[in-house]
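# Observations on chain architecture
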Amino acid sequence: MLLKRICWVFSIVLLASIVAHAAPTKEAGKELFTANCAACHNKNMKDNLTGPALGGMEERWAAYPRADLYSWIRNSQSLISAGHPRAVELWNQWKPVLMNNFTGLTDEQIESIILHVNDVYTAKPLTPVAGTGDTAGGGKGDNSNMWLFGGLALILALLAFALMRIVDNLGNIARVQAGQEPVRRTLVQILTTKGAVAFLVFALTLIFGYKTVDNATRMGREQNYQPDQPVAFSHKLHAGTQKIDCQYCHDGARRSKQSVIPAANTCMNCHSAVKKGTQSGTAEITKIYASIGFDPITNVYIKDYDNWSDKQIEDLYKKWIGQEYMSANSLTAMNDAGRSVVETQWEGVVKALKDDSNGKIQGPIEWVRVHNLPDHAYFNHAQHVAIGQVACQKCHGPVEQMDIVYQYSTLGMGWCINCHRETEVKFEGNDYYKQYERYHQELKDGKRDKVTVSDIGGLECQKCHY
Ligand code: HEC
Ligand code: HEC
Ligand code: HEC
Ligand code: HEC
Ligand code: HEC
Ligand code: HEC
């Protein structure tokens, strides 16, 4: 009996380790490549519309440590900004197209992809996979997860079978002692008992339940998450080119928990005058006007705008778009091409403003939230920005270079904790830290050379969890 159990434990450990340390294979590489890379890369020698051919990539990186190629695939931007010669060369050739980050790929998975790319003999033209572009590595790791789940399910099934046998044997011992005939059930009999069926249902529920909950709780909280926004507002233009301070718009960051997305009024500080963009003309800025009821032709805010009918609104802004675009004063005086520009632009405005939660053109622009911690975690901007003096970019990345904002950091618990372990608290000239007299004394006496966030309690569960 004991021996049997030891055997089981041993084989489970063995199986688990096989599953965990899967060696690189062409087959795994093919799946990973198709799911993550094929949208932008061919595996042969022919460049794609969006990226270079990966055929021969190993040779092109041969002059550098293998780890550099891994880092490139996991986060090409950081290698470019670190000035790595091959990375810079690639960037100069392909900018402004950037490669997604694949932080989740393990060394083995990357080696698998390389095996697949090098496997020229079975090379067939690959059909690009649509839609992998903005899920940015969404498929990463899924493959190995499936293996893990499969392996676990198998182990559990074997375990259950063994338990059944044990139960049978115990039953038989009792029967024999009582002078009855022992019963031996076949595999099929065992598999169709109530217990086995119940177990199967339980296991499947567990696996699918885990998957669903995992996906649901991570909704919109994926690294690199980059939803489309109702208005083509560009941080690259405003915070980058125009050098508008982050806190001019996100003025909550310094004073409160939330950073706050600016209301249309903030936009109007400039856009009551700047009525056209070089890229989009009136198409995007008209959305701001139509949301709050500003008449750009006469430069007045419309009284009673909330009670305007859709038709009244449509007439006004179509006139504005037409006049600005086609230099025609009435829609009827416009040619067909002009009218079609007006129609298309107006459709865009309606889609951005009317298809939202209040179902009206009037009312605030509903931006799609990019960053979103789960409810059980507490994060406070003022604590970090005003007291901790952490730069926005440290957590949000180079926002001033982003046309469309994406989630730069993982926002996972490990991310918070790591930074709290590493970051020194800025004590100098900061009244907030007066209370930590002991640390001040130790710093003065030379007993410690720094105080990190973890020293002041930054790793305590209740600081971050309600
Ligand atoms: C969104 C498009 C896109 C996706 C998806 C993508 N790449 Fe790239 N990749 C690029 C671009 C563009 C470059 C050229 C450099 C640049 O502009 O950043 C590049 C360059 C590379 C290079 C350098 C090639 C050389 O000749 O040195 C490698 C290696 C690479 N990618 C691997 C991968 C792998 C592996 C995947 C999938 C896990 C992948 N890429 C997914 C766009 C993409
Ligand atoms: C002119 C106003 C303006 C300026 C300046 C500005 N932002 Fe924004 N920011 C917005 C608007 C509007 C949104 C919502 C739309 C979007 O996500 O692009 C936003 C969204 C964001 C988000 C995503 C919020 C979410 O949904 O999770 C971050 C992060 C952010 N801004 C950071 C910054 C940083 C960092 C700077 C300075 C480098 C900056 N912003 C400068 C107006 C501005
Ligand atoms: C401090 C001034 C300022 C503020 C505040 C501001 N903008 Fe702008 N914005 C500009 C300037 C200047 C341009 C014109 C750039 C150009 O020539 O295209 C512009 C251009 C634009 C464009 C058109 C871009 C193009 O090239 O087509 C859009 C859309 C836009 N802004 C949206 C917004 C929104 C939405 C807000 C509020 C969240 C906002 N802006 C706040 C100064 C500002
Ligand atoms: C220490 C990391 C950190 C720093 C520094 C930081 N943020 Fe955030 N930011 C976050 C996290 C985490 C969230 C998600 C918060 C949530 O979901 O409750 C967030 C969310 C946001 C949002 C979405 C709205 C909100 O408040 O939830 C905006 C906008 C934003 N940040 C802008 C900024 C700006 C601008 C700065 C600099 C002045 C800044 N952040 C500095 C971590 C940071
Ligand atoms: C880039 C570094 C960085 C990241 C990332 C970061 N923090 Fe912090 N955090 C700090 C610094 C610096 C302080 C010190 C400010 C202070 O003394 O209150 C701090 C302080 C705190 C405090 C107050 C601790 C105390 O004892 O007073 C809390 C709570 C907190 N952070 C929560 C979070 C959460 C939740 C996240 C992740 C979503 C996070 N932080 C991510 C740097 C960071
Ligand atoms: C510096 C802030 C911080 C501290 C300290 C912290 N957590 Fe978390 N924790 C978070 C954040 C943020 C998340 C959400 C991460 C996510 O959704 O990916 C989280 C998630 C969790 C989860 C949910 C599981 C998951 O990965 O989503 C559990 C359970 C948890 N924390 C327990 C703890 C315990 C126990 C402690 C104390 C030992 C602790 N946390 C300390 C920030 C913190």
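Please refer to the structure placed before this passage.
Residues numbered from 1 in each chain as written. Chains lettered and ligands numbered in written order. Predicted model: local features only at pLDDT ≥ 70, side-chain atom pairs only at ≥ 80, totals over all residues. Heavy atoms only, no water.

## Focus on the coordination of the iron atom of ligand 5
Geometrically, a metal with four donors at the corners of a regular tetrahedron has ideal angles of 109.5 degrees, and one with six donors at the corners of a regular octahedron has ideal angles of 90 or 180 degrees. Heads up, the condition is: Each metal site is built from N, O and S donor atoms within 2.8 Å (3.2 Å for Na, K and Ca), and since water is not included, such sites may look incomplete. Key to geometry: four donors with every angle between 85 and 135 degrees are tetrahedral; four donors are square planar and six octahedral where opposite donors lie over 155 degrees apart and all remaining angles lie between 65 and 115; all other sites are irregular. The helix and strand labels rest on DSSP assignments: H or I over at least four residues marks a helix, E over at least two residues marks a strand, and numbering proceeds from the N terminus. Classification of residues uses two cut-offs on accessible area relative to the type maximum, computed with a 1.4 Å probe and protein chains only: under 20% is buried, over 50% is exposed, and between them is partly exposed.
Protein-derived coordination of the iron atom of ligand 5 comes from His384 (NE2) and His420 (NE2), at a distance range of 2.0 Å. Coordination geometry of the iron atom of ligand 5: the 6 donor atoms subtend angles of 88 to 180 degrees at the metal centre, consistent with an arrangement described as octahedral. With a gap of 36 residues between them, His384 in helix α17 (residues 381–387) and His420 in helix α19 (residues 413–422) connect regions that are remote in the sequence. We classify His384 as partly exposed; its relative accessible area is 24%.

## Looking at unusual backbone geometry
Despite not being glycine, Gln389 has its phi angle at roughly 55 degrees, a positive value. Using a relative accessible area of 43% as the deciding quantity, one classes Gln389 as partly exposed.

## Structural notes on the site of ligand 2
Let me state the cut-off plainly: Being near a molecule or strand, for a residue, comes down to having at least one heavy atom within 4 Å of it. Here a polar contact is recorded for every N or O atom pair within 3.5 Å, except that within protein the pair must consist of a potential hydrogen donor and a potential acceptor, and residues adjacent in sequence are included only if both atoms are side-chain atoms. In this classification, the charged set is Asp, Glu, Lys and Arg, the nonpolar set is Ala, Val, Leu, Ile, Met, Phe, Trp, Tyr, Cys and Pro, and all remaining amino acids, among them Gly, are polar.
Close to ligand 2 lie 22 residues, the nearest being His235, Cys246, Cys249, His250 and His371. One of the side-chain N or O atoms of His235 is found 2.8 Å from a nitrogen atom in ligand 2. In this structure, a nitrogen atom belonging to ligand 2 sits 2.8 Å away from a side-chain N or O atom of His250. For the shell around ligand 2, the element with the highest residue contribution is helix α18 (residues 392–396), accounting for 3 residues. Here the shell around ligand 2 is built from residues that sort into 13 nonpolar, 6 polar and 3 charged.

## Topic: the packing of aromatic side chains
The cut-off we apply is this: We call Phe, Tyr and Trp rings a pair once their centres come within 6.5 Å, taking the six-membered ring for Trp, and we label the pair stacked below 30 degrees between planes, edge-to-face above 60, and tilted otherwise.
The final tally for this structure, using the stated rule, is 8 aromatic pairs. Aromatic pair Phe233 and Trp367: ring centres 6.3 Å apart, planes at 70 degrees, arrangement edge-to-face. In this pair, Phe233 sits in the loop between α10 (194–217) and α11 (235–241) while Trp367 sits in the loop between α16 (336–353) and α17, placing the two residues 134 residues apart along the sequence. Summarising the aromatic geometry, the rings of Tyr289 and Trp320 are spaced 6.3 Å apart at their centres and angled 70 degrees between planes, so their arrangement reads as edge-to-face. Note that Tyr289 is positioned in helix α14 (residues 285–292) and Trp320 in helix α15 (residues 310–326), a separation of 31 residues in sequence. For Tyr289, a relative accessible area of 0% corresponds to the buried category. Taken together, the aromatic side chains of Tyr289, Phe294, Tyr301 and Trp320 make up a single cluster linked through ring pairs.

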